[in-house]
Amino acid sequence: MDSVKFCAEERALRAKQYFQEGYNCAQAVALAYADITSLDKQTVATITASFGGGMGRLREVCGAVSGMSFLASFISPCPTADNAAAKKANYALVQEFAEAFRKQNGAIVCRTLLGLDRPKDEPTPSERTAEYYKKRPCADLVYDAALIIGEYLANNQN
């Protein structure tokens, strides 16, 4: 990760662009930092595909927050089952990211962020039209999540 340049603003704009290209919130955030994962972009997009819409349009944890959690696994890895310290560090980072997001946006739950009163949506994704982008805060939420990651990385490079 040392050789990767972490311009937080650039990455946040890239995440927003990925979202506007049709990727879901989790994919957009994760793809903006795919280079820190040692995975190719197609694999990153595949792994994070189910986390859009608050986990498959269940409207639970925001996909942008799930994208941050996915990246936390690479920033603060815990690849073995018996490393309690690594697991604690990873969970602490996930909580730090989620709290920063909550502070900026008031919540980390998709339905709350979207102002929905139903527990879930049909599995069919919404068509990405100009009206969709106009009424949804998702592109800005993706931006915020990617900015949080970028600022963390910029402040914690070794």
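Residues numbered from 1 in each chain as written. Predicted model: local features only at pLDDT ≥ 70, side-chain atom pairs only at ≥ 80, totals over all residues. Heavy atoms only, no water.

1. Structural notes on the overall build of the protein chain
For the record, the criterion: Starting at the N terminus, helices and strands are each numbered in turn, a helix being any DSSP run of H or I of at least four residues and a strand any DSSP run of E of at least two. Here the globule rule is a power law, 2.2 Å times the number of residues to the power 0.38, and the radius of gyration is based on C-alpha atoms. Remark: exposure states derive from per-residue accessible area (1.4 Å probe, protein chains only) relative to the maximum for the residue type, with buried under 20%, exposed over 50%, and partly exposed in between. Methods summary: accessible areas were calculated by the Shrake-Rupley approach with a probe of 1.4 Å, and residue burial reflects only the protein chains presented.
A count of helices and strands for the protein chain gives nine helices and zero strands. Here the C-alpha atoms of the protein chain give a radius of gyration of 15 Å, agreeing with the 15 Å that 2.2 N^0.38 yields for 158 residues. Each of the three principal axes of the protein chain carries a C-alpha extent, and together these read 45 × 30 × 30 Å. Going through the 158 residues of the protein chain one by one, you find that 43% of them count as buried. Looking at the protein chain as shown, the accessible area adds up to about 8600 Å², and 51% of this sits on carbon and sulfur atoms.

2. Details of the environment of S126
As a reminder of what qualifies: Residues count as neighbours in contact if any of their non-hydrogen atoms are within 4.5 Å of one another. In the analysis that follows, any N or O atom pair within 3.5 Å is treated as a polar contact, provided that within protein one partner can donate a hydrogen and the other can accept it, and provided that, for residues neighboring in sequence, both atoms belong to side chains.
Locating S126 in the fold gives a position in the loop between α7 (110-114) and α8 (130-135). With sequence-adjacent residues up to four places away left out, S126 is seen in contact with R57, Y132 and R136. Within the structure, S126 has its side chain in polar contact with the side chain of R57 (distance 3.4 Å).

3. Quick notes on the nonpolar core
Stated formally: Here, nonpolar core refers to any group of buried Ala, Val, Leu, Ile, Met, Phe, Trp, Tyr and Cys residues whose side-chain atoms link them within 4.5 Å.
If you look at the biggest cluster of nonpolar residues, it comprises 45 residues, and the most contacted ones within it are M68 and F101. Looking at this core, the elements that each hand over two or more residues are α1 (8-20), α2 (25-32), α3 (41-48), α5 (63-75), α6 (84-105), α7 and α9 (138-155). Per element, the largest residue contribution to this core is eleven residues, and it comes from α9. The contacts of F101, once residues within four sequence positions are left out, are C62, A64, V65, M68, G106, A107, I108, L113, L141, D144, A145 and I148.

4. Digging into α9
What counts is decided by this rule: Each residue after the first adds 1.5 Å to the expected span of a helix.
The terminal C-alpha atoms of α9 lie 26 Å apart, and with 18 residues this matches the ideal 26 Å at 1.5 Å per residue to within 8%. Here α9 lies mainly inside the structure; 13 of its 18 residues are buried.

By themselves these figures say nothing about function.
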